[in-house]
Amino acid sequence: EALQWRDCLDKLLQNNYGLASFKSFLKSEFSEENLEFWLACEDYKKIKSPAKMAEKAKKIYEEFIQTEAPKEVNIDHFTKDITMKNLVEPSLSSFDVAQKRIYALMEKDSLPRFVRSEFYQELI
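Values in this document were obtained by computation on a predicted structure and should not be read as measured data.

### Considering unusual backbone geometry
Item 1. With a phi angle near 55°, Phe-30 is a residue other than glycine that sits in the positive phi range.
Item 2. For Phe-30, the position within the fold is in the loop between helix H2 (16–28) and helix H3 (33–44).
Item 3. A residue is classified by how much of its surface remains accessible, and Phe-30, at 71% relative accessible area, is exposed.
Item 4. Of note in the backbone geometry, Glu-68 takes a positive phi value of approximately 70° without being a glycine.
Item 5. Note on placement: Glu-68 falls in the loop between helix H4 (50–65) and helix H5 (77–86).

Here's what the structure looks like:
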(Lines give C-alpha, C1' and ligand atoms only; values in the text may rest on other atoms or scores of the structure.)
Protein backbone atom coordinates (compact mmCIF):
# COMPACT_ATOMS: atom_id res chain seq x y z
CA GLU A 1 0.00 0.00 0.00
CA ALA A 2 2.82 2.40 0.86
CA LEU A 3 4.15 2.00 -2.68
CA GLN A 4 0.97 3.66 -4.02
CA TRP A 5 1.72 6.82 -2.02
CA ARG A 6 4.56 7.69 -4.40
CA ASP A 7 2.04 8.46 -7.12
CA CYS A 8 -1.00 9.58 -5.16
CA LEU A 9 -1.04 12.16 -2.39
CA ASP A 10 -4.75 11.37 -1.76
CA LYS A 11 -3.95 7.76 -0.87
CA LEU A 12 -1.17 8.93 1.45
CA LEU A 13 -3.43 11.44 3.22
CA GLN A 14 -6.23 8.89 3.63
CA ASN A 15 -3.96 6.33 5.30
CA ASN A 16 -3.30 6.85 9.03
CA TYR A 17 0.26 5.48 8.86
CA GLY A 18 1.01 7.43 5.71
CA LEU A 19 -0.34 10.63 7.18
CA ALA A 20 1.60 10.18 10.43
CA SER A 21 4.82 9.41 8.58
CA PHE A 22 4.36 12.32 6.15
CA LYS A 23 3.67 14.65 9.08
CA SER A 24 6.82 13.47 10.92
CA PHE A 25 8.86 13.98 7.77
CA LEU A 26 7.51 17.52 7.28
CA LYS A 27 8.17 18.36 10.94
CA SER A 28 11.77 17.22 10.51
CA GLU A 29 12.04 19.77 7.68
CA PHE A 30 10.17 22.48 9.59
CA SER A 31 7.58 22.58 6.82
CA GLU A 32 4.49 21.01 8.39
CA GLU A 33 2.34 24.14 8.08
CA ASN A 34 1.01 23.14 4.63
CA LEU A 35 -0.23 19.77 5.87
CA GLU A 36 -1.62 21.31 9.07
CA PHE A 37 -3.50 23.90 6.99
CA TRP A 38 -4.87 21.23 4.66
CA LEU A 39 -6.04 19.14 7.63
CA ALA A 40 -7.60 22.21 9.30
CA CYS A 41 -9.54 22.86 6.08
CA GLU A 42 -10.76 19.25 6.03
CA ASP A 43 -12.01 19.62 9.61
CA TYR A 44 -13.57 22.97 8.77
CA LYS A 45 -15.68 21.37 6.02
CA LYS A 46 -17.32 19.10 8.62
CA ILE A 47 -18.73 22.00 10.66
CA LYS A 48 -22.52 22.37 10.59
CA SER A 49 -23.12 25.36 12.87
CA PRO A 50 -22.68 28.81 11.23
CA ALA A 51 -21.38 30.25 14.52
CA LYS A 52 -18.75 27.52 14.89
CA MET A 53 -17.89 27.87 11.21
CA ALA A 54 -17.20 31.61 11.62
CA GLU A 55 -15.12 30.94 14.74
CA LYS A 56 -13.05 28.19 13.06
CA ALA A 57 -12.65 30.27 9.87
CA LYS A 58 -11.21 33.14 11.91
CA LYS A 59 -8.85 30.76 13.70
CA ILE A 60 -7.62 29.20 10.43
CA TYR A 61 -7.15 32.63 8.90
CA GLU A 62 -5.16 33.93 11.87
CA GLU A 63 -3.02 30.80 12.13
CA PHE A 64 -2.25 30.15 8.45
CA ILE A 65 -3.34 32.91 6.06
CA GLN A 66 -2.80 36.39 7.47
CA THR A 67 0.56 38.07 6.93
CA GLU A 68 3.01 37.10 9.67
CA ALA A 69 0.70 34.29 10.84
CA PRO A 70 2.46 31.82 13.19
CA LYS A 71 2.18 29.03 10.57
CA GLU A 72 1.75 31.15 7.45
CA VAL A 73 1.34 29.05 4.32
CA ASN A 74 2.92 30.10 1.06
CA ILE A 75 0.05 31.28 -1.13
CA ASP A 76 0.01 34.08 -3.68
CA HIS A 77 -1.76 37.41 -3.08
CA PHE A 78 -4.55 36.52 -5.50
CA THR A 79 -5.40 33.37 -3.50
CA LYS A 80 -5.07 35.26 -0.22
CA ASP A 81 -7.47 37.97 -1.48
CA ILE A 82 -10.04 35.41 -2.65
CA THR A 83 -9.86 33.66 0.72
CA MET A 84 -10.27 36.93 2.62
CA LYS A 85 -13.35 37.83 0.52
CA ASN A 86 -14.80 34.36 1.11
CA LEU A 87 -14.47 34.88 4.86
CA VAL A 88 -16.80 37.89 4.90
CA GLU A 89 -19.60 35.32 4.95
CA PRO A 90 -17.95 32.00 5.84
CA SER A 91 -19.19 28.92 4.00
CA LEU A 92 -17.94 25.35 3.64
CA SER A 93 -16.04 26.41 0.51
CA SER A 94 -14.35 29.51 1.99
CA PHE A 95 -10.89 27.92 1.95
CA ASP A 96 -11.26 25.78 -1.19
CA VAL A 97 -9.01 27.86 -3.47
CA ALA A 98 -6.23 28.14 -0.88
CA GLN A 99 -6.56 24.47 0.07
CA LYS A 100 -6.23 23.42 -3.59
CA ARG A 101 -3.11 25.59 -3.99
CA ILE A 102 -1.52 24.05 -0.89
CA TYR A 103 -2.47 20.53 -2.00
CA ALA A 104 -0.80 21.16 -5.37
CA LEU A 105 2.29 22.48 -3.59
CA MET A 106 2.48 19.38 -1.38
CA GLU A 107 1.96 17.14 -4.41
CA LYS A 108 4.68 18.81 -6.49
CA ASP A 109 7.19 19.58 -3.76
CA SER A 110 6.68 17.81 -0.41
CA LEU A 111 5.58 14.40 -1.71
CA PRO A 112 8.64 13.84 -3.96
CA ARG A 113 10.96 14.83 -1.07
CA PHE A 114 9.06 12.50 1.27
CA VAL A 115 9.36 9.58 -1.18
CA ARG A 116 13.15 10.09 -1.27
CA SER A 117 13.37 10.33 2.54
CA GLU A 118 14.36 7.75 5.16
CA PHE A 119 10.85 8.05 6.62
CA TYR A 120 9.37 6.58 3.46
CA GLN A 121 12.20 4.13 2.76
CA GLU A 122 11.72 2.59 6.22
CA LEU A 123 8.01 2.14 5.53
CA ILE A 124 8.51 0.24 2.30
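### A closer look at the UniProt feature "domain: RGS" (unreviewed entry) in the protein
Item 1. Mapped onto this numbering, the UniProt entry annotates "domain: RGS" (unreviewed entry) at residues 8–124.
Item 2. The distance from the first to the last C-alpha atom of residues 8–124 is 15 Å, and the span holds 71% helix and 0% strand.

### Thoughts on the side chain of Ser-31
Item 1. Relative to the helices and strands, Ser-31 resides in the loop between H2 and H3.
Item 2. According to the relative accessible area criterion, Ser-31 is buried, its value standing at 16%.
Item 3. With near-sequence residues (within four places) excluded, Ser-31 lies in contact with Leu-26 and Arg-113.

### Topic: the confidence of the model for the protein
Item 1. Of all residues in the protein, 100% have pLDDT values of 70 or greater, and the mean over the chain is 95.
Item 2. Across the protein, element-level confidence peaks in H3 with a mean pLDDT of 98 and bottoms out in helix H7 (residues 118–123) with 88.

### What about H3?
Item 1. For H3, with 12 residues, the first-to-last C-alpha span of 16 Å sits near the 16 Å given by 1.5 Å per residue.
Item 2. For H3, the full list of buried residues reads Asn-34, Leu-35, Glu-36, Phe-37, Trp-38, Ala-40, Cys-41 and Tyr-44.
Item 3. The inward-facing, buried residues of H3 contact helix H1 (9–14), H2, H4 and helix H6 (96–115).

### Focus on the environment of Glu-32
Item 1. Note that Glu-32 resides in the loop between H2 and H3.
Item 2. Contact partners of Glu-32, with chain neighbours within four places excluded, come to Leu-26 and Lys-27.

Reading the values: rules and limits
- Residues numbered from 1 in each chain as written.
- Predicted model: local features only at pLDDT ≥ 70, side-chain atom pairs only at ≥ 80, totals over all residues.
- Heavy atoms only, no water.
- Helix = DSSP H or I, 4+ residues; strand = E, 2+ residues; numbered from the N terminus.
- Buried < 20%, exposed > 50% of the residue type's maximum accessible area, 1.4 Å probe, protein only.
- UniProt positions renumbered as here; feature names shortened; annotations may be inferred.
- Contact = heavy atoms within 4.5 Å.
- pLDDT = per-residue confidence, 0-100.
- Expected span 1.5 Å × (residues − 1).

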